[in-house]
Amino acid sequence: MTSFASQVFVRVDKFCRPLPIVLNTFLVFSITAEVSYLVLVEAPLEADQKKTVWSAFWKAFHLLVQYFMLGNICWNALLFLRTSPSIKGVFLGVEGMGQGWRYCYTCETHTPPRCSHCYDCKVCVLRRDHHCVFFGQCVGFRNYRYFLSCLFFMWSGLLYATLMNAEVFIVILKEGVTMHSILLLIIPWIMLGFISLVTAQAFAFAFIADTCVVGFLLVSAFFFFHLVLMFRGQTTREWYSTRRPYNLGLRGNLRHTLGLRWYLCWLCPLIPSPLPGDGINFQVTGLLEPTR
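Owing to the predicted nature of the structure, the values given are computational and were not obtained by experimental measurement.

Draft legend 1. Just the overall build of the protein, in detail. A count of helices and strands for the protein gives 10 helices and 6 strands. When contacts within the protein are restricted to residue pairs at least 6 apart in sequence, long-range pairs at least 24 apart make up 57% of them.

Listed below in structure tokens is the structure:
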């Protein structure tokens, strides 16, 4: 019985692991399609502007901007998933062990400072920050650049989509602040159950507009939190303990997180930006012991 339950758990776990990636992909492309529709069909807002030269230029510009952001989101996410942050294939050089090194009984090896074991990835990760449930992989030394760049373009894209969907909120509220408009704005999926109260098109626009707002707030929290961590030279684990032993100053922290071309690499994931360190040895500038 126990063996059967274990097999079921393994299969369910294997099935559920890619679900966050599938859901994120669906939402990203749904939002892009909806905003493209708003640009191509609904905009400009004034009827007398729809056939002007400015209208064609406006549409081309906005389509270029949104697909530039979409391309960066997808490419950074792909490189993040394909770049392993683990210790697999890394020569740790245990003969040079010093303060901060630990022994991982699961991986049966000594691990350097800022490296910890992830029980979801089942391996130790160099400069482990956290395990990202949305991507199903750890954020570590080698893939942090792609993670942060993906967050940046997701934040930018959701801000753009939220502004573009402002007209949706205006149209819904034109009928007045009624129970129908409030429910359609806050919980459109409940309104869909009442076919006579809302059309499928109104539901789709309201649902995506709500998703943009909620997603923007959520991604903003993650993005600005990790910006603060990067500026301070910390990982999430070190933030919990208030330690800042590896703070190299603003420029030094940017170089060790984003690479030597930190000022350019965020524009495109294909811009090479080699990291100055090896993920094993770090310059210590403060106390290694936690203060709480």
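Draft legend 2. Inspection of the side chain of Thr 32 at higher detail. One can find Thr 32 in helix H2 (residues 19-42). A polar contact of 2.8 Å, which involves the side chain of Thr 32, links it to the backbone oxygen of Val 28. When near neighbours in sequence (up to four residues on either side) are disregarded, Thr 32 contacts Gln 66, Tyr 67 and Leu 70.

Draft legend 3. Expanded view of the pattern of salt bridges. Tallied over the entire structure, the rule returns 1 salt bridge. The partner of Arg 114 in a salt bridge is Glu 238, with the nearest N and O atoms 2.8 Å apart. Residue Arg 114 is located in the loop between strand E2 (109-111) and strand E3 (116-118), and its partner Glu 238 is located in helix H9 (residues 236-240); the two are separated by 124 residues in the primary sequence. Glu 238 shares its class with Arg 114; the two are buried.

Draft legend 4. View of a nonpolar patch on the surface. Nonpolar side chains collect at one region of the surface, where Val 133, Phe 134, Leu 218 and Phe 222 lie side by side and expose about 350 Å² of accessible area between them. Tracing the chain through its elements places Phe 134 in the loop between strand E5 (130-132) and strand E6 (137-139).

Draft legend 5. Looking closely at helix H10 (residues 249-258). Among the residues making up H10, those that are buried are Gly 252, Asn 253, Leu 254, Thr 257 and Leu 258. Positioned one or two residues after H10, Gly 259 has a phi angle of 105 degrees, which is positive.

Draft legend 6. Seen up close, the packing of aromatic side chains. Summed over all chains, the structure comprises 19 aromatic pairs. Seen from their ring centres, Trp 239 and Tyr 240 are 5.4 Å apart, and the 55 degrees between their planes marks the pair as tilted. With a relative accessible area of 35%, Trp 239 lands in the partly exposed category. Taken together, the aromatic side chains of Phe 68, Phe 152, Phe 153, Trp 155, Phe 216, Phe 223, Phe 224 and Trp 266 make up a single cluster linked through ring pairs. The ring of Phe 282 has Arg 114 lying over it, and the distance from NZ or CZ to the ring centre is 4.8 Å. Here the guanidinium or amino end of Arg 127 rests over the ring plane of Tyr 144, the centre of that ring lying 5.4 Å away.

Draft legend 7. Structural detail: the state of the cysteines. Enumeration over the complete set of coordinates arrives at 0 disulfides. Free cysteine: Cys 115, not disulfide-bonded; nearest cysteine sulfur from Cys 124 at 4.7 Å. A residue is classified by how much of its surface remains accessible, and Cys 115, at 5% relative accessible area, is buried.

Draft legend 8. Geometry of helix H4 (residues 144-164). Compared with the 30 Å implied by 1.5 Å per residue over 21 residues, the 30 Å span of H4 between its first and last C-alpha is a close match. Across the 21 residues of H4, 17 count as buried, placing the element largely inside the fold.

Draft legend 9. Region of interest: the UniProt feature "transmembrane region" (unreviewed entry) in the protein. Here, UniProt's "transmembrane region" (unreviewed entry) annotation points to residues 21-40, 60-81, 146-173, 179-200 and 207-231. Regarding residues 60-81, the helix share stands at 100% and the strand share at 0%, and the terminal C-alpha atoms are separated by 32 Å. In this annotation, residues 207-231 is assigned 100% helix and 0% strand; the end-to-end C-alpha distance for the span is 36 Å.

Draft legend 10. Highlighting the environment of Arg 102. Mapped onto the elements of the fold, Arg 102 is located in strand E1 (residues 102-104). With relative accessibility at 47%, the residue Arg 102 sits in the partly exposed group.

Draft legend 11. Region of the structure containing unusual backbone geometry. One non-glycine residue with positive phi stands out, namely Lys 122, at about 60 degrees. Within the element layout of this structure, Lys 122 appears in the loop between E3 and strand E4 (123-125). Positive phi is not limited to glycine here, since Arg 127 has a value of about 45 degrees. As for its position among the elements, Arg 127 is in the loop between E4 and E5. You can call Arg 127 buried: its relative accessible area is 6%.

Draft legend 12. View of the nonpolar core. Residues Ile 31, Val 35 and Val 39 are the most contacted members of the largest nonpolar core, which totals 35 residues. Those elements that provide at least two residues to this core are H2, helix H3 (53-82), H4, helix H8 (200-232) and H10. At 12 residues, the largest contribution of residues to this core is made by H4. Setting aside its immediate chain neighbours within four residues, Val 39 contacts Trp 58, Lys 59, His 62, Leu 63, Tyr 160 and Met 164.

Quick notes on the rules
Residues numbered from 1 in each chain as written. Predicted model: local features only at pLDDT ≥ 70, side-chain atom pairs only at ≥ 80, totals over all residues. Heavy atoms only, no water. Helix = DSSP H or I, 4+ residues; strand = E, 2+ residues; numbered from the N terminus. Contact = heavy atoms within 4.5 Å. Polar contact = N/O pair within 3.5 Å; in protein donor to acceptor, adjacent residues only side chain to side chain. Salt bridge = Lys/Arg side-chain N within 4 Å of Asp/Glu carboxyl O. Buried < 20%, exposed > 50% of the residue type's maximum accessible area, 1.4 Å probe, protein only. Patch = residues over 30% accessible without salt bridge, like charges linked within 9 Å, V, L, I, M, F, W, Y side chains within 5 Å. Areas by Shrake-Rupley, 256 points an atom, 1.4 Å probe, with all protein chains shown as cover. Phe/Tyr/Trp six-rings, centres within 6.5 Å; stacked < 30°, edge-to-face > 60°. Lys NZ or Arg CZ within 6 Å of the ring centre and 35° of its normal. Disulfide = S-S within 2.5 Å. Expected span 1.5 Å × (residues − 1). UniProt positions renumbered as here; feature names shortened; annotations may be inferred. Core = buried A, V, L, I, M, F, W, Y, C linked by side-chain atoms within 4.5 Å.

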